[in-house]
Amino acid sequence: MSKYSFDISGLDINDLDRIERFRLMDDDFMSKCFEDNIECTELVVNIILGRDDIDVMEVHAQYLMKNLQGRSIILDIFAVDATGKRYNIEIQRSDRGAGSHRARYNAGVIDANVSSAGDNHDELAEVYVIFITERDVLGDGLPIYHIERTIKETGKDFNDGSHIIYVNGEYKDDSPLGLLMQDFYCTDPDDMRYKELAERTRHFKRSEEGVRSMCRMLEEMRDEVAEKTAKENTAQIIYRLVSDGKFSEDEAKAYFKLTDDDLKKIMQNS
């Protein structure tokens with residue numbers, strides 16, 4: 001008997017199989033499930049912080065932010081609570097993507113984006129950068145790690161409002177955090193313990209609206225990869241033409257409609 005209650009003819013069977021295998025530990029799927037979803041975000045933030053009173057007011061998935069130099073980063077989840085605190089939740093399956101410098105960078109970009117010239121620095125919003133990692137990145141076998149600035153000589157908290165948290169996805173037990181991590185690894189919503197996550201996962205895996213939305217997302221991802229590959233191939237072609245002397249730089253700019261900066265980047269990076 002089909003798990004779907006709607007007609008799946010016309011949908012790519014490979015896409016349907018991939019959707020079935022998605023978990024919340026897959027950042028694209030997690031971002032889709034948490035997009036504009038206050039209930040799921042509120043649940044996760046409260047469990048990770050060991051609280052039950054955090055009221056999330058707004059949530060954005062795949063949220064674009066720029067630093068002062070205009071360089072962009074995309075945050076998996078960016079949320080704001082009722083008191084103005086900011087939360088960045090990142091899913092990281094690769095150890096390299098969850099390094100200490102990445103955490104510092106994310107916090108700095110968020111600070112720069114939520115403050116304006118003339119703001120009182122004492123009123124700067126508290127920021128939580130939370131990494132949920134597939135493996136125990138910090139390596140001490142703990143379920144969760146809280147990184148806070150302290151005064152080295154006294155051991156006292158510096159209390160600058162910046163918080164970094166690593167959640168070890170490998171650690172699973174019957175605690176609220178352990179059950180949450182179990183849910184993050186589930187592919188079947190019927191096996192999930194938290195109803196908020198189960199209902200949202202079920203929507204994107206079982207309902208016609210959700211499944212078709214996921215299929216569109218996968219198609220857009222393929223188009224994006226194809227476009228990026230085509231651009232990279234074009235850049236390699238331009239580099240070879242100019243390097244081999246078949247085109248002068250002026251000829252390459254005219255033929256491929258490039259600016260001086262475009263050509264300079266190609267010649268430096270290829």
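The paragraphs below set out a description of the structure included in this document. (Residues numbered from 1 in each chain as written. Predicted model: local features only at pLDDT ≥ 70, side-chain atom pairs only at ≥ 80, totals over all residues. Heavy atoms only, no water.)

**Here's the deal with the pattern of salt bridges**
Right, so step 1: In this structure the tally under the stated criterion is 16 salt bridges.
Right, so step 2: Between arginine 222 and glutamate 219 there is a salt bridge; the shortest N-O distance is 2.7 Å. A residue pair is termed a helical-turn pair when its members lie 3 or 4 positions apart in one helix, as arginine 222 and glutamate 219 do in helix α7 (residues 208–243) at three residues.
Right, so step 3: The class for glutamate 219 is partly exposed, based on a relative accessible area of 37%.
Right, so step 4: A salt bridge links aspartate 260 to lysine 253; its shortest N-O distance comes to 2.6 Å.
Right, so step 5: Taking the relative accessible area as the measure of exposure, aspartate 260 reaches 53% and is therefore exposed.
Right, so step 6: Look at the salt bridges and you will find they share partners, linking Arg23, Asp26, Arg93 and Glu134 into a network. (Salt bridge = Lys/Arg side-chain N within 4 Å of Asp/Glu carboxyl O. Helix = DSSP H or I, 4+ residues; strand = E, 2+ residues; numbered from the N terminus. Buried < 20%, exposed > 50% of the residue type's maximum accessible area, 1.4 Å probe, protein only.)

**Here's the deal with the packing of aromatic side chains**
One pair of aromatic rings is described through two measures. These are the centre distance and the angle between the planes.
Right, so step 1: This model, assessed by the stated rule, comprises five aromatic pairs.
Right, so step 2: Ring geometry for tyrosine 63 and phenylalanine 78: centres 5.0 Å apart, planes at 10°, overall stacked. Residue tyrosine 63 is located in strand β1 (residues 56–66), and its partner phenylalanine 78 is located in strand β2 (residues 72–81); the two are separated by 15 residues in the primary sequence.
Right, so step 3: For tyrosine 63, a relative accessible area of 29% corresponds to the partly exposed category.
Right, so step 4: In this arrangement the basic side chain of lysine 172 is found over the ring face of tyrosine 185, its NZ or CZ atom lying 3.9 Å from the centre. (Phe/Tyr/Trp six-rings, centres within 6.5 Å; stacked < 30°, edge-to-face > 60°. Lys NZ or Arg CZ within 6 Å of the ring centre and 35° of its normal.)

**Thoughts on the pairing of strand β6 (residues 162–168)**
Right, so step 1: In terms of burial, β6 is largely enclosed, as seven of its seven residues are buried.
Right, so step 2: Bridge analysis of strand β5 (residues 144–147) against β6 gives four bridges, and the strand direction is antiparallel. Each bridged residue has a counterpart across the sheet, and for isoleucine 147 the counterpart in β6 is isoleucine 164. (Pairing = 2+ DSSP bridges.)

**Thoughts on the side chain of aspartate 136**
Right, so step 1: When you line up the elements, aspartate 136 lands in the loop between β4 (127–133) and β5.
Right, so step 2: The buried charged residue aspartate 136 lacks any salt bridge, with arginine 135 as its nearest oppositely charged partner at 9.2 Å.
Right, so step 3: With residues near it in sequence (within four places) discarded, aspartate 136 still touches Gly141, Leu142, Tyr145, Asn168 and Glu170. (Lys, Arg positive; Asp, Glu negative; His and termini not counted. Contact = heavy atoms within 4.5 Å.)

**What about the sheet that holds β1?**
Right, so step 1: Spatially, β1-β2-β3-β4-β6-β5 is the arrangement adopted by the six strands of the open sheet, whose pairing is mixed. Lying at the two open borders of the sheet, with one neighbouring strand each, are β1 and β5. On average, each strand axis in the sheet is tilted by 20° relative to the strand beside it, whichever way the strands run.
Right, so step 2: The sheet contact formed by β2 and strand β3 (residues 86–92) spans four bridges and is antiparallel. In the strand pairing of β3, valine 80 is matched with arginine 86.
Right, so step 3: Sitting on the sheet, helix α3 (residues 38–49) touches β1, β2, β3, β4, β5 and β6, and the angle it makes with β1 is about 90°. (Axes fitted to C-alpha atoms, helices over the stretch in contact; angles between N-to-C directions.)

**Observations concerning the packing of helix α1 (residues 13–21) against helix α6 (residues 195–206)**
Right, so step 1: Interhelical geometry of α1 versus α6 gives an angle of 170° and a closest axis separation of 9 Å. By the angle between their directions, the pair α1 and α6 is classed as roughly antiparallel. On α6, the residues that touch Ile19, Glu20 and Arg21 of α1 are Phe204, Lys205 and Arg206.
Right, so step 2: Partitioned by chemical class, the residues of the contact of α1 with α6 number two nonpolar, no polar and four charged. (Parallel < 35°, antiparallel > 145°, perpendicular 65-115°, else oblique. Nonpolar A, V, L, I, M, F, W, Y, C, P; charged D, E, K, R; others polar.)

**Remarks on the pairing of β4**
Right, so step 1: Here β4 lies mainly inside the structure; seven of its seven residues are buried.
Right, so step 2: Every second residue of β4 is oriented toward a common face, with Val127, Val129, Phe131 and Thr133 on one face and Tyr128, Ile130 and Ile132 on the other, all of them buried.
Right, so step 3: Of the pairings in the sheet, the one linking β3 to β4 comprises seven bridges and is parallel in character. Note on β4: the bridge partner recorded for arginine 86 is valine 127.
Right, so step 4: Sheet topology places β4 next to β6; seven bridges connect them, and they run parallel. When the bridges of β6 are listed, valine 127 appears paired with serine 162.

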